[in-house]
Amino acid sequence: MSTENLPQSPGQPPRKPRVAVVCGGRSSEHGISVVTAGAVLRAIDRTKYDVLPIGITRDGRWALTADEPERMAITDRRTPSVEELAESHEGGVVLPVDPTNREVVYSEPGSVPKALGEVDVVFPVLHGPYGEDGTLQGLLELSGVPYVGSGVLASAVGQDKEYMKRVFTSFGLEVGPYVVIRPREWERDQAAARKKIVDFAGEHGWPLFVKPARAGSSIGITKVDDLAGLDEAITEAQRHDPKILVEAAVRGREIECGVLEFEDGPRASVPAEIPPPDTHAYYDFDAKYIDSTPGIVPAPLTDEQTAEVQRLAVLAFEAASCEGLVRADFFLAEDGKFVINEINTMPGFTPISMYPQMWQASGISYPELVDRLIQAALNRSTGLR
């Protein structure tokens, strides 16, 4: 659906496409999602699009939120929330699960439901489970509403680090050593599960990184230097996900690369390097978002290395059947090979986030990037494709 071909009422002038920017959600990354939404709302061309901001609270209620990007920023080292931005603490937004009707309805207890108009495309900036993992994408597929980013399968693969690595391996991408502890495995025999990790450390050495298998933004990750810190790291990871992933450290440089889908297929941005932060043990949540450790864009790589990481980033995009956008994260190992760590199907999208910075350095500004993603979604059908 192009912007010139939107459904119109007879005799009415052409209307602008309506973009619903959906943020927040039930995951640990709620606050970062709200920050991302603020940046997207600030960048959307209001002469070209109508905008409907929708937030999902931490308990899962869909709320109509204020269109006030300045309130959606990190303040005093604290991330914002949908609860603070919601226009009502009781009202709710309903997206119809009916592909013949895109009318969004708002209702409050004791009041007549109010129609908010049709939504032509959704820009879902949720991070983590219950949003970035295919669940919201499935709802939008049922509703027949186009949306920015990857579909159900790619979103699910991009969220689950175990199956992401399995897919990458099957396509010839090199991944680092890892071991998975599933919930039933832990519940059945904690001692055996712990021994599995200890044996893994015996084979690959310390430190290990213990992380939730289905989370992002470096939330719940602990760098474990020896056996003494293992139990606490497992507990912290399981606070965010009962399934945990344990990775061996890969010695090398952290390199990231953005992928954006163009009319002729996906292309890679110039890569960036994430230098080791001075005040953090690794590139954790605080280093990324609170203290804003700067990346190096473009990364100081040889032409051959740049071309190779761009090739691998596009391969990862294709391997997981991604659409729209992806940030691919690699290690440039000491032996000169690139090892893929993960992809993000909806990466951090604030102006200081690495994905927009890499495209800025590649010649595409933040507002143009947002516009390209919306246009691509409008021109892509839902359903099997």
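Structure: see above.
The following refers to the structure shown.

Here is what the cut-offs are and how they apply
Residues numbered from 1 in each chain as written. Predicted model: local features only at pLDDT ≥ 70, side-chain atom pairs only at ≥ 80, totals over all residues. Heavy atoms only, no water. Helix = DSSP H or I, 4+ residues; strand = E, 2+ residues; numbered from the N terminus. Rg over C-alpha atoms; globule rule 2.2 N^0.38 Å. Contact = heavy atoms within 4.5 Å. Areas by Shrake-Rupley, 256 points an atom, 1.4 Å probe, with all protein chains shown as cover. Lys, Arg positive; Asp, Glu negative; His and termini not counted. Charge placed at Lys NZ, Arg CZ, Asp CG, Glu CD. Pairing = 2+ DSSP bridges. Axes fitted to C-alpha atoms, helices over the stretch in contact; angles between N-to-C directions. Phe/Tyr/Trp six-rings, centres within 6.5 Å; stacked < 30°, edge-to-face > 60°. Buried < 20%, exposed > 50% of the residue type's maximum accessible area, 1.4 Å probe, protein only. Lys NZ or Arg CZ within 6 Å of the ring centre and 35° of its normal. Salt bridge = Lys/Arg side-chain N within 4 Å of Asp/Glu carboxyl O.

With that settled, consider the overall build of the protein chain. Looking only at helices and strands, the protein chain has 12 helices and 16 strands in total. Against the globule reference of 21 Å for 385 residues, the protein chain gives a C-alpha radius of gyration of 21 Å, in line with a compact fold. By principal-axis analysis of the C-alpha atoms, the protein chain measures approximately 75 × 50 × 40 Å. In the protein chain, the proportion of contacts linking residues at least 24 apart, taken out of those at least 6 apart, comes to 65%. Total accessible area on the protein chain stands at roughly 16800 Å², and carbon and sulfur atoms take up 50% of it. The centroid of the 38 positive side-chain charges in the protein chain is displaced by 3 Å from the centroid of its 57 negative side-chain charges.

Now for the sheet that holds strand β7 (residues 121-124). In a beta sheet, neighbouring strands are held together by backbone hydrogen bonds and run either parallel or antiparallel to one another. Reading across from one edge, β3-β2-β1-β7 is the order of the four strands in this open sheet, with mixed pairing throughout. With partners counted over all chains shown, the strands left at the sheet margins are β3 (62-64) and β7, one partner each. Each strand axis lies, on average, 30 degrees off the axis of its neighbour in the sheet, ignoring direction. Of the strand pairs in this sheet, strand β1 (residues 18-24) and β7 are connected by four bridges, and their pairing is parallel. When the sheet's bridge partners are listed, V21 is paired in β7 with F123. Those strands touched by helix α1 (residues 30-43) are β1, β2 (50-56) and β7, and its axis lies near 155 degrees from that of β1. This element, helix α12 (residues 366-378), spans β1 and β7 of the sheet and lies at about 135 degrees to β7.

Two aromatic rings are characterised by how far apart their centres lie and by the angle between their planes. Applying the stated criterion across every chain yields a total of five aromatic pairs. An angle of 70 degrees between the planes, with centres 6.1 Å apart, marks the rings of F123 and F349 as edge-to-face. Of this pair, F123 sits in strand β7 while F349 sits in the loop between β16 (338-344) and α11 (354-361), and the two are 226 residues apart along the sequence. On the basis of relative accessibility, which here comes to 0%, the residue F123 falls in the buried class. Classification of F349 as buried rests on a relative accessible area of 0%. Among the aromatic residues, ring-to-ring pairing joins F123, F349, Y355 and Y366 into one connected group. We note R26 situated over the ring of Y130; from NZ or CZ to the ring centre the distance is 4.0 Å.

All right, on to unusual backbone geometry then. For the bond from W206 to P207, the omega torsion is 0 degrees, close enough to zero to count as cis. With respect to the element layout, P207 can be found in the loop between α7 (190-204) and β9 (208-212). Across the junction of V297 and P298, the peptide omega takes the value -5 degrees, indicating a cis bond. Relative to the assigned elements, P298 resides in the loop between α9 (285-290) and α10 (303-319). Positive phi outside glycine occurs at Y130, with the angle close to 65 degrees. Assignment of secondary structure puts Y130 in the loop between β7 and α3 (135-143). Accessibility expressed as a relative area gives 44% for Y130, which makes it partly exposed. The residue S321 is not glycine, and still its phi comes out positive at about 60 degrees.

Bringing the pattern of salt bridges into the picture now. Opposite charge on two side chains allows them to pair when their charged atoms are near. Per the counting criterion, the structure on display carries 29 salt bridges. Across the pair K48 and D371 runs a salt bridge, and its minimum N-O distance is 3.1 Å. Of the two residues, K48 is situated in the loop between α1 and β2 and D371 in helix α12; the sequence distance between them amounts to 323 residues. Among the ionic pairs, E342 bridges to K161, the shortest N-O distance being 3.8 Å. Placement of E342 in strand β16 and of K161 in helix α5 (residues 161-170) is noted, with a sequence separation of 181 residues between them. A relative accessible area of 11% places E342 in the buried class.

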